[in-house]
Each structure stands twice: as structure tokens, then as C-alpha cells.
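Coordinates in review
These are the residues of each chain, in order.
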Amino acid sequence: MSDFLDLCRRPVEHGKPAAGLEAARPTPSACNSQPWSFVVAENPEIGPEVAKCAQQLGMNEFASKARAFFVVLGDTPS
């Protein structure tokens, strides 16, 4: 377990999170509608704003220390 935690604490090179999400993007969905989109927020200037969104329900205090965020946006039927 300590190896995994060490891996999680390593800095991530810019662009690597987006490459990981690109692998997840074509995940199958009902009728292949794929009603989602992904955003990688790595900019330290907007990180605190994204953290506030994650903390709205009084949880996720750790989010203020995150270096990057994966934001999943879901589409709703019209």
C-alpha cells in the first residue's frame, strides 16, 4: 500500500492527466450516446474555485490541496 501512496504523491507532468482522460472518453454508454464530457483543471489560479465547488456540501476538505481536478460534465436529455 505504501508504494501506491508514494505513487499518488508524485507530481504529474502537464498533459498526462488529459492523456489519461482521453483513454476514458470513448467508454461505452446506452445507445452509444456518451452523455458526458471531461475537463482537466490543472491551472493553479482556478484550482481554488474548483475546490470550492467540491466542498459545497461540507465534505472534501482535501480538495484545496489538489494539484489537478478531473471534472465530469453530464448532459441531460432535452
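Residues numbered from 1 in each chain as written. Predicted model: local features only at pLDDT ≥ 70, side-chain atom pairs only at ≥ 80, totals over all residues. Heavy atoms only, no water.

What follows covers unusual backbone geometry. For Asn32, which is not glycine, the phi dihedral falls at a positive 55°. Turning to its location among the elements, Asn32 is positioned in the loop between helix H2 (16-24) and strand E1 (36-41). (Helix = DSSP H or I, 4+ residues; strand = E, 2+ residues; numbered from the N terminus.)

This part takes up the confidence of the model for the protein. Looking at the protein, the pLDDT average stands at 83 and 97% of residues meet or exceed 70. Mean pLDDT per element in the protein: helix H1 (residues 2-9) is the minimum at 76, and helix H3 (residues 47-54) is the maximum at 91. (pLDDT = per-residue confidence, 0-100.)

Taken as a whole, the largest pocket holds about 260 Å³ of empty space. Lining the largest pocket, in full, are Cys8, Arg10, Pro11, Val12, Pro17, Glu42, Phe62, Lys65, Ala66, Arg67 and Ala68. Residues belonging to the lining of the largest pocket are distributed by class as follows: seven nonpolar, no polar and four charged. (1 Å grid on protein atoms, 1.4 Å probe; cavity = no way out; pocket = protein on both sides within 12 Å on 5 of 7 lines; lining within 4 Å. Points joined across faces, edges and corners; volume = space filled by probe spheres on them. Nonpolar A, V, L, I, M, F, W, Y, C, P; charged D, E, K, R; others polar.)

Checked against the element boundaries, Gln55 lands in the loop between H3 and strand E2 (69-74). A polar side-chain atom of Gln55 sits 3.3 Å from the main-chain carbonyl oxygen of Glu61. Dropping the residues within four chain positions of it, Gln55 is found in contact with Asn60, Glu61, Ala63 and Ser64. (Polar contact = N/O pair within 3.5 Å; in protein donor to acceptor, adjacent residues only side chain to side chain. Contact = heavy atoms within 4.5 Å.)

Attention now goes to the pattern of salt bridges. Taken as a whole and assessed by the stated rule, the structure comprises one salt bridge. As a salt-bridge pair, Glu49 and Lys52 come within 3.3 Å of each other at their nearest N and O atoms. Pair noted here: Glu49 and Lys52 are both in helix H3, with a separation of three residues, about one helical turn. A relative accessible area of 46% places Glu49 in the partly exposed class. (Salt bridge = Lys/Arg side-chain N within 4 Å of Asp/Glu carboxyl O. Buried < 20%, exposed > 50% of the residue type's maximum accessible area, 1.4 Å probe, protein only.)

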